[in-house]
Structures are given as C-alpha cells and as structure tokens.
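Survey of secondary and tertiary structure
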Amino acid sequence: MATSTYLSNPVVTINAVDLTDQVTSAVLTQVIEALESTAFGSSSRVYTAGLSNNSLTVTLYNSYATSETYATLKALVGTQLNVTVKPTSAATSATNPIHTLTGTYLETLPLVNGQLGALDQIDITFTGGVYSVAIV
C-alpha cells in the first residue's frame, strides 16, 4: 500500500538557526553521480557509483528582521555550513527522521525578489556536503 507524509509542521535549520517560520518549501535531493565503467566486449553500458552531489533548495520569505532570513544568510554566502530538515517538530524517530547536509555550500543569496502586491520570497540552494539521516 502506498503511503505519503503530509508535512504540516516541518523544521528547517540553517547553520543551527531555526528558520522554519520563514520557509514555504524545501527540496532535499540525494545524488550519487554515475561513472561509466563499460569495458570492451560489453553489449550494454555499465555504471558504478561516483561522488555524491547532494542539494537542498529552500524557498523562504525574505525577512530583514533580526535573526531572520537576511540576518542569518548574509554572512553565509561563499561558506560551508550545516543544514537540517525534519518532517515535523516532534522528536526525531524512525517516522520523523532528521536529514542533514554537513559542509554544504551556499553560493548565491538573492537580495530582493519583489513583485507588486506579493511577499518577497527567495529560493536558495545549498550544494554538496555529506548527507546523513538520523532516527534517534
């Protein structure tokens, strides 16, 4: 039977700062690059696992208040940091694992993304880093 998780109250931390109240979307992607290892005599291509190239894309409201989006992110551009995503604010468990990117890199920070009659939202992407998941 197929099941899915309804994210009603996820938790997102960026460099140990909880920005959950500013986040509207989070997409964590685990990628392990494929390296071709096909040899002479093979009748089809063969691949083996290469380096991981994980990413987390987060959509946030661009708040300039103290300890919010801009204040937290402005000094992190061009640095390595840790980010976490958890499905709910409940205790970490097998049904509520905490996903972590350790040493991920923030290359770009959009400063303004304004439109008439709309709240300022920005998309940021953290790339690379070591992916781990914990259930306790």
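This section reports on the structure supplied with the text. Numbers given to residues run from 1 along each chain, matching the order in which its sequence is written. Since the coordinates come from a predicted model, pLDDT governs what is reported: local features require at least 70, and pairs of side-chain atoms require 80 or more to be given and counted, while whole-chain, interface and lining totals use all residues. With hydrogens and water excluded, all non-hydrogen atoms of the structure serve as input to the side-chain values.

1. Some points on a nonpolar patch on the surface
Judged by side-chain polarity, Tyr-64, Leu-111 and Val-112 come together as a nonpolar surface patch covering roughly 330 Å² of accessible area. On the secondary structure map, Tyr-64 appears in the loop between β6 (55–61) and α1 (69–73). Only residues whose relative accessible area exceeds 30% and that form no salt bridge are eligible for patches; like-charged ones are grouped when within 9 Å, while nonpolar side chains (Val, Leu, Ile, Met, Phe, Trp, Tyr) are grouped when within 5 Å. Only the protein chains shown count as cover for residues, with accessible areas throughout obtained via the Shrake-Rupley method and a probe of 1.4 Å. Here a salt bridge means any side-chain nitrogen of Lys or Arg lying within 4 Å of a carboxyl oxygen belonging to Asp or Glu. Helix and strand assignments come from DSSP, with helices taken as H or I runs of at least 4 residues and strands as E runs of at least 2, each series counted from the N terminus.

2. Some remarks on the environment of Val-58
The residue Val-58 is located in strand β6 in this model. When the C-alpha atoms of Val-58 and Leu-106 are compared, they prove to be 11 Å apart, with 48 residues separating the residues in sequence. Whether two residues are in contact is decided by their heavy atoms, any of which lying within 4.5 Å being enough. Contact partners of Val-58, with chain neighbours within four places excluded, come to Val-23, Ser-25, Ala-26, Ile-122, Asp-123, Ile-124 and Phe-126.

3. Description of unusual backbone geometry
Residues other than glycine seldom take positive phi values, yet Asn-15 does so here, at roughly 55°. In this structure Asn-15 comes out as partly exposed when scored by relative accessible area, which is 37%. Phi is positive for Ala-16, close to 70°, though the residue is something other than glycine. Exposure categories follow from relative accessible area, calculated using a 1.4 Å probe and restricted to protein chains: below 20% of the type maximum is buried, above 50% is exposed, and the middle band is partly exposed. Under the relative-accessibility criterion, Ala-16 is labelled exposed at 75%.

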